[in-house]
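# Coordinate inspection notes
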Amino acid sequence: MPDFVRICSQSELPAPGTVGEFTVAGRTLCVANVDGAIAVLDNVCPHEEGPLGEGTIEDGRVVCPWHGYAYDPRTGQSAQDPDLTATVFESVTENGELRAKL
Ligand code: FES
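Residues numbered from 1 in each chain as written. Predicted model: local features only at pLDDT ≥ 70, side-chain atom pairs only at ≥ 80, totals over all residues. Heavy atoms only, no water.

### Re the overall build of the chain
Each helix and strand in the chain was counted, giving 0 helices and 10 strands. Relative to the globule expectation of 13 Å for 102 residues, the C-alpha radius of gyration of the chain, 12 Å, shows essentially globular dimensions. The dimensions of the chain, computed from C-alpha atoms along their principal axes, are 35 × 25 × 20 Å. Buried residues in the chain amount to 42% of all 102 residues. (Helix = DSSP H or I, 4+ residues; strand = E, 2+ residues; numbered from the N terminus. Rg over C-alpha atoms; globule rule 2.2 N^0.38 Å. Buried < 20%, exposed > 50% of the residue type's maximum accessible area, 1.4 Å probe, protein only.)

Written out as structure tokens, the structure reads:
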């Protein structure tokens, strides 16, 4: 998969129920581990640009640390405002590595 960029090794993934920040190719990403399902989002919250990768996971959603907006890790849609959508990148975990199509 040549257009998928390596994000991290599987051993570096955030623990289940948490998120982490990774910088790849000059871009900061939020990697979310929602009960073992990995999602890769742009780190920038579409509300007021808070750092999603410093947030939390609640009820299966990625929650921004600044004002608590929650995003579906598959679609990026906000639970609070349907007009706000976080960018979600297609990702795959294979051969011990997480890769995403940025
Ligand atoms: S900046 Fe993320 S909820 Fe406001």
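From this point, the discussion proceeds with the structure in view.
### As for the nonpolar core
Val19, Cys30, Ala32, Leu41, Leu52, Val62 and Tyr71 are the most contacted members of the largest nonpolar core, which has 14 residues in total. For this core, the elements supplying multiple residues, two or more each, are β3 (27-34) and β4 (37-42). If one sorts the elements of this core by residue count, β3 sits on top with 3 residues. In this structure, Leu52 is in contact with Val19, Cys30, Leu41, Asp42, Asn43, Val44, Cys45, Val62, Cys64, Pro65, Tyr71 and Ala86, ignoring residues within four places of it in sequence. Listed in part, the 11 residues of the second largest apolar core include Val24, Val31, Val40 and Phe89. (Core = buried A, V, L, I, M, F, W, Y, C linked by side-chain atoms within 4.5 Å. Contact = heavy atoms within 4.5 Å.)

### Considerations on the sheet that holds strand β8 (residues 88-89)
Reading across from one edge, β2-β3-β4-β8 is the order of the 4 strands in this open sheet, with antiparallel pairing throughout. Among the strands making up the open sheet, the edge pair consists of β2 (18-24) and β8. Where β3 lies against β4, 6 bridges are found, and the strand directions are antiparallel. Bridge assignment links Asn33 to a residue of β4, and that residue is Ile38. (Pairing = 2+ DSSP bridges.)

### Section: the pattern of salt bridges
Applying the stated criterion across every chain, the model contains 5 salt bridges. Of the charged contacts, one joins Lys101 and Asp3 as a salt bridge, the two residues approaching to 3.7 Å between their closest N and O atoms. Here Lys101, found in the segment after β10 (97-100), pairs with Asp3, found in the segment before β1 (5-9); they are 98 residues apart in sequence, far enough to count as distant. Its relative accessible area of 36% is what places Lys101 among the partly exposed residues. Here Arg27 makes a salt bridge to Asp42, at a shortest N to O gap of 3.6 Å. Residue Arg27 is located in strand β3, and its partner Asp42 is located in strand β4; the two are separated by 15 residues in the primary sequence. (Salt bridge = Lys/Arg side-chain N within 4 Å of Asp/Glu carboxyl O.)

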